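Descriptive analysis of the structure
Below are the chains, spelled out letter by letter.
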Amino acid sequence: MVISFPVCLRAAPAKPALEVVVLGSGGPRAFGRAGSSYIVLVGGRPRILLDAGPGAFLRIGELDLDLDKVDTVLLTHLHIDHSGDLAAFFNARALTSDGPIGYRVFGPDGAGLFPKTSRFVDLLVGGDGAFAYQKTFGAQESFTVRDLAISLDSARTTIVDEDGLAVEEIATHHGDCPSVAYRISYKSVVVVFSGDMDASALPNLVQLAKNADLLIFNCAVLDPPGSPEQLYGLHTPPKKIGEAARKSEVKSLLLSHLAPDVEGQKDAVRKSIRASFAGSVTFASDRMRVPVGK
Ligand SMILES: [Zn+2]
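Remember, predicted model here, so these are calculated numbers, not experimental data.

1. Here we look at the packing of helix α3 (residues 86-94) against helix α4 (residues 117-125)
If you want to describe how two helices pack, look at the angle between their axes and the distance between the axes. Between α3 and α4, the least distance of the axes is 10 Å, while the angle of their chain directions is 60°. Of the two possible hands of crossing, α3 and α4 adopt the one that is right-handed. Within the contact between the two elements, α3 uses Leu86, Ala87 and Phe90 and α4 uses Phe120, Val121, Leu124 and Val125. Residue composition of the contact of α3 with α4, by class: 7 nonpolar, no polar and no charged.

2. Some remarks on α3
The buried fraction of α3 amounts to 8 of the 9 residues, a majority that puts the element mostly inside the structure. The complete set of buried residues in α3 reads Leu86, Ala87, Phe89, Phe90, Asn91, Ala92, Arg93 and Ala94.

3. Digging into a nonpolar patch on the surface
Taken together, the side chains of Leu95, Phe131, Tyr133 and Phe137 present a nonpolar region at the surface, about 390 Å² in accessible area. Among the structural elements, Tyr133 can be located in the loop between α4 and β6 (141-148). Assessed through its relative accessible area of 44%, Tyr133 is described here as partly exposed.

4. Observations concerning the sheet that holds strand β12 (residues 252-256)
Spatially, β7-β8-β9-β10-β11-β12-β13 is the arrangement adopted by the 7 strands of the open sheet, whose pairing is mixed. Of all strands in the sheet, those bounded by a partner on one side alone are β7 (157-162) and β13 (280-283). When strand polarity is set aside, the average angle formed by the axes of neighbouring strands in this sheet is 15°. The pairing of β7 with strand β8 (residues 165-171) spans 5 bridges and is antiparallel. By the bridge assignment for β8, Thr157 is matched with Glu169.

5. A word on the sheet that holds strand β14 (residues 289-292)
One open sheet accounts for 7 strands, arranged β6-β5-β4-β3-β2-β1-β14; its pairing is mixed. The strands lining the two open edges of the sheet, one partner per strand, are β6 and β14. Mean inter-strand twist for the sheet, computed between neighbouring axes without regard to direction, equals 20°. In this fold α4 packs onto β5 (101-108) and β6, with an angle of close to 150° to the strand it touches most, β6.

6. Thoughts on the nonpolar core
By size, the foremost hydrophobic cluster in this structure holds 30 residues, and its most contacted members are Phe217, Leu253 and Leu255. Within the residue set of this core, elements represented by two or more residues are β10 (189-193), α5 (202-208), β11 (214-218), α6 (238-248), β12, α8 (266-274) and β13. What Phe217 contacts, discounting residues up to four positions off in sequence, is Ser194, Met197, Leu202, Leu205, Thr236, Ile241, Leu253, Leu254, Leu255 and Ser256.

7. Some remarks on the coordination of the zinc ion
Within the first shell, the zinc ion binds the protein through Asp81 (OD), His82 (NE2), Asp196 (OD) and His257 (NE2), at distances of 2.1 to 2.2 Å. Considering all 4 donor atoms around the zinc ion, angles at the metal cover 88 to 173° and the coordination shape is irregular. In primary sequence terms, the donor set of the zinc ion follows D-H-x113-D-x60-H. Here His82, found in helix α2 (residues 80-83), pairs with Asp196, found in the loop between β10 and α5; they are 114 residues apart in sequence, far enough to count as distant. Owing to a relative accessible area of 2%, Asp196 belongs among the buried residues under this scheme.

8. Quick notes on the environment of Gly24
In this fold, Gly24 is placed in strand β1 (residues 18-24). Taking the C-alpha atoms as reference points, Gly24 and Gly55, 31 residues apart in sequence, are found 6.8 Å from one another.

9. Notes on α6
Residues Pro238, Ile241, Gly242, Ala244, Ala245 and Ser248 constitute the buried set of α6. Looking straight down α6, one finds its buried side chains confined to an arc of 165°; they lie on one side. Where α6 terminates, the next one or two residues include Glu249, which has phi positive at roughly 55°.

10. Side note on unusual backbone geometry
Note the cis peptide between Pro224 and Pro225, where omega equals 5°. Looking at where Pro225 falls in the secondary structure, it is placed in the loop between β11 and α6. Of note, Glu249 is a non-glycine position whose phi angle comes to about 55°, a positive value. Relative to the assigned elements, Glu249 resides in the loop between α6 and β12. The class for Glu249 is partly exposed, based on a relative accessible area of 48%. Of note, the phi angle at Arg287 is positive, near 80°, even though the residue is not glycine. Along the chain, Arg287 turns up in the loop between β13 and β14.

Cut-off values and rules
Residues numbered from 1 in each chain as written. Predicted model: local features only at pLDDT ≥ 70, side-chain atom pairs only at ≥ 80, totals over all residues. Heavy atoms only, no water. Axes fitted to C-alpha atoms, helices over the stretch in contact; angles between N-to-C directions. Helix = DSSP H or I, 4+ residues; strand = E, 2+ residues; numbered from the N terminus. Left-handed = near helix turned anticlockwise from the far one by under 90°. Contact = heavy atoms within 4.5 Å. Nonpolar A, V, L, I, M, F, W, Y, C, P; charged D, E, K, R; others polar. Buried < 20%, exposed > 50% of the residue type's maximum accessible area, 1.4 Å probe, protein only. Patch = residues over 30% accessible without salt bridge, like charges linked within 9 Å, V, L, I, M, F, W, Y side chains within 5 Å. Areas by Shrake-Rupley, 256 points an atom, 1.4 Å probe, with all protein chains shown as cover. Salt bridge = Lys/Arg side-chain N within 4 Å of Asp/Glu carboxyl O. Pairing = 2+ DSSP bridges. Core = buried A, V, L, I, M, F, W, Y, C linked by side-chain atoms within 4.5 Å. Donors = N, O, S within 2.8 Å, 3.2 Å for Na, K, Ca; no water. Tetrahedral: all angles 85-135°; square planar, octahedral: opposite > 155°, others 65-115°. Arc of directions from axis to C-beta.

Next up, the structure:
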């Protein structure tokens, strides 16, 4: 008797240690890109939501992403273009869940007009929140929220450290809006998210991004004087992004949070960054998948 074996016994292709799915590559202006938002896959599984700009909910559905293990939420700051879909994400996650969900949410402490992140989550889904019903809608949800230090001289801290996955953060600066940047590491592969930041926070960002495989930098302005003067108090121009990428010795750069005028001058932006940085430079688009450490 002849026993035949399947001809193809090749192993499934190895999954990258980390993969970033761009849900939203835009900023506050409505011009066809969702607001800032990403899902990070760890070992092939969606685990982390980074920012939740308007449109994230739509992109999650378009990409048919499995949210079942996405319990960690990292917010760089609480401008609407980074947080407007947070309640919609909780809704989407709960409606695909088989059991209770315990979220851990990280984001900046409050100042001025901006609530601390724990208050922000409470205003959305707390007992007296606008969407108080969400806590029991589809699944029993609990929220552990940690407010992160926002002074530029506060120390870099580790906020997640489990099973080889580490998340670190450091304060940045984004005009009057408290902001932080995040570094995610798994199996020696590192991706860093700048969030929105002006150039005054570059020393912190350079430190956090040291030797990262991928730095996702929000590129919302042209080099001076190409954008309105007041925007340079909120965002870092391309020339300085290039210098920071070189100083931190990152391997590659993904430019995101794109504004219409930046989108219209990609060649000039790339050239400005290239003056300092020799690694790869890519412009983000919604639904883009970026394997890291393959
Ligand atoms: Zn923004």
